[in-house]
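So you can see what is in the structure, the chains are spelled out below.
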Amino acid sequence: QVLLVESGGGLVQTGGSLRLSCAASGGTSYNMGWFRQAPGKEREFVAAISRSGYVKLYEDSVKGRFTIVRDNAKNTVSLQMNTLKPEDTAVYFCVAAQTIVVSRRISEYVYWGQGTQVTVSS
């Protein structure tokens, strides 16, 4: 139903910044967000944004460093990541859900992108 394509991953130094982008096609009016998965670890919620963009949710570890935004006219969602730390190293996935309210729960997101690698060196 929905195709999500991430871009913007790469290698940065500790303290650096990256901006991830997600282009969505094949659907409209989704809550959207980002999860990440490091090797040997469970997938972890990072950030989410409501359909209107009014509500934004963040994992505590990224609050104040990451910012999620969306552009409904362009059907894109971005994650600005600042002050990156080695523990941010992971594959980052763009996700979408047609739930009533935006959520931190992984089970609510049924559409997933292919993932983009973020590596923070130290």
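Residues numbered from 1 in each chain as written. Predicted model: local features only at pLDDT ≥ 70, side-chain atom pairs only at ≥ 80, totals over all residues. Heavy atoms only, no water.

Position of R65 relative to the elements: it lies in the loop between strand 6 (56-58) and strand 7 (66-71). Of the residues examined, R65 reaches a relative accessible area of 11% and is grouped as buried. C-alpha of R65 to C-alpha of L20: the two residues are 45 residues apart in sequence and 14 Å apart in space. (Helix = DSSP H or I, 4+ residues; strand = E, 2+ residues; numbered from the N terminus. Buried < 20%, exposed > 50% of the residue type's maximum accessible area, 1.4 Å probe, protein only.)

This part is about the state of the cysteines. Taken as a whole, this structure holds one disulfide when the rule is applied. Paired by a disulfide, C22 and C94 hold their sulfur atoms 2.1 Å apart. On the S-S bond that ties C22 to C94, the torsion sits near -80°, and the link is left-handed. Remark: C94 occurs in strand 9 (residues 90-97) and C22 occurs in strand 3 (residues 18-25); sequence separation between them is 72 residues. Each member of the pair, C22 as well as C94, carries the same accessibility label: buried. (Disulfide = S-S within 2.5 Å.)

Here D71 is to be found in strand 7. Judged by its relative accessible area of 28%, D71 falls in the partly exposed class. The spacing of D71 and R51 is 20 residues in sequence and 10.0 Å in space, taken between C-alpha atoms. In this structure the side chain of D71 is engaged in a polar contact, spanning 3.1 Å, whose partner is the backbone nitrogen of A73. (Polar contact = N/O pair within 3.5 Å; in protein donor to acceptor, adjacent residues only side chain to side chain.)

With that settled, the discussion passes to the nonpolar core. Judged by nonpolar contacts, the single largest core of 29 residues is most densely connected at L4, M32, W34, L79, M81 and Y92. Every element with two or more residues in this core is listed here: strand 3, strand 4 (31-37), strand 5 (44-49), strand 7, strand 8 (76-81), strand 9 and strand 11 (116-121). Ranked by size, the runner-up nonpolar core spans seven residues in total, among them F35, F45, A97 and V102. (Core = buried A, V, L, I, M, F, W, Y, C linked by side-chain atoms within 4.5 Å.)

One pass over the structure, following the stated rule, counts five aromatic pairs. Ring geometry for F35 against F45: centres 5.6 Å apart, planes inclined by 75°, an arrangement best described as edge-to-face. Pair noted here: F35 is in strand 4 and F45 is in strand 5, with a separation of ten residues, a long-range link. Residues F35 and F45 agree in their burial class; the two are buried. Look at F35 and Y109: their rings are 5.6 Å apart centre to centre, the planes differ by 65°, and that puts the pair in the edge-to-face class. Linking F35 in strand 4 with Y109 in the loop between strand 9 and strand 10 (111-112), this pair joins segments that are 74 residues apart in sequence. When the ring centre of F93 is taken as origin, the NZ or CZ atom of R43, which lies over that ring, is 4.3 Å away. Note that R43 overlies the ring of W112, its terminal NZ or CZ placed 4.7 Å from the centroid. (Phe/Tyr/Trp six-rings, centres within 6.5 Å; stacked < 30°, edge-to-face > 60°. Lys NZ or Arg CZ within 6 Å of the ring centre and 35° of its normal.)

Residues L18, L20, C22 and A24 point to one face of strand 3 and are all buried, whereas R19, S21, A23 and S25, pointing to the other face, are not buried. Bridge count between strand 3 and strand 8: six bridges; the pairing is antiparallel. By the bridge assignment for strand 8, L20 is matched with L79. (Pairing = 2+ DSSP bridges.)

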